[in-house]
Amino acid sequence: MLDATAIDMSAMTAWGEARGEGPHGMQAVLNVIGNRAARPGWWGTDITSVCRAPWQFSCWNPGDPNAARLACLNQSDPQYRVAHELALSLVAGTLVDLTDGADSYYRHGSPVPIWASPRFFIKTIGHHDFYRIGLHGDGK
């Protein structure tokens, strides 16, 4: 039995973070969630806690315009339906990792976060740059 809360939470997070990026962008966000959940640490211990870790995914931050929209999101939104299907695959363990193990990302063109060292860079997908910083910033 798949965890419905994990499916919904990860689908909402992917929608909130990357709905404008299309299926590949939302899948990449889901990959980051899955990669973090696979390596429990300060960012959470499972899919739901990873999604809701404070200040990790901006769509859940207080005051973010997406936060209020997430509360009323449902299957009538075509982008959410795509995110939900991808989230089903994430929770089932069958989602292909487009990010090559990334555990972090930020929007390309925005101010570069302090953690975004070039040595941890993996790739750009859509408008997001993906990194593997590891649990201790060692890239592992």
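Coordinates for the structure precede this section.
Residues numbered from 1 in each chain as written. Predicted model: local features only at pLDDT ≥ 70, side-chain atom pairs only at ≥ 80, totals over all residues. Heavy atoms only, no water.

S.K.: Would you explain the packing of aromatic side chains in this entry?
M.R.: Here a ring pair, both rings aromatic, is described through the centre-centre distance and the interplanar angle of the planes. A complete count under the given rule lists 7 aromatic pairs for this structure. Centre to centre, the rings of phenylalanine 57 and tyrosine 105 are 6.3 Å apart; their planes meet at 45°, and the pair counts as tilted. Taken together, the positions of phenylalanine 57 in the loop between helix H3 (47-52) and helix H4 (65-71) and tyrosine 105 in strand E1 (residues 104-107) put the pair 48 residues apart, joining distant regions of the chain. Summarising the burial analysis for this pair, phenylalanine 57 and tyrosine 105 share the class buried. (Phe/Tyr/Trp six-rings, centres within 6.5 Å; stacked < 30°, edge-to-face > 60°. Helix = DSSP H or I, 4+ residues; strand = E, 2+ residues; numbered from the N terminus. Buried < 20%, exposed > 50% of the residue type's maximum accessible area, 1.4 Å probe, protein only.)

S.K.: Looking at this structure, I do not really get the pattern of salt bridges. What am I missing?
M.R.: Pairing between side chains becomes possible if they bear opposite charge and their charged atoms approach one another. Inspection of the entire model under this criterion finds 3 salt bridges. Its salt-bridge partner being arginine 107, residue glutamate 21 comes within 3.6 Å of it at the nearest N-O pair. Of this pair, glutamate 21 sits in the loop between helix H1 (4-18) and helix H2 (22-38) while arginine 107 is found in strand E1, placing the two residues 86 residues apart along the sequence. Glutamate 21 sits in the buried class, given a relative accessible area of 19%. (Salt bridge = Lys/Arg side-chain N within 4 Å of Asp/Glu carboxyl O.)

S.K.: Explanation requested: the side chain of histidine 84 in the structure shown.
M.R.: Here histidine 84 lies in helix H5 (residues 78-92). A relative accessible area of 14% means that histidine 84 is categorised as buried. A polar contact is formed between the side chain of histidine 84 and the side chain of aspartate 8, at a distance of 3.3 Å. In this structure histidine 84 touches Ile7, Asp8, Ala11 and Gln75, once residues within four positions along its chain are discounted. (Polar contact = N/O pair within 3.5 Å; in protein donor to acceptor, adjacent residues only side chain to side chain. Contact = heavy atoms within 4.5 Å.)

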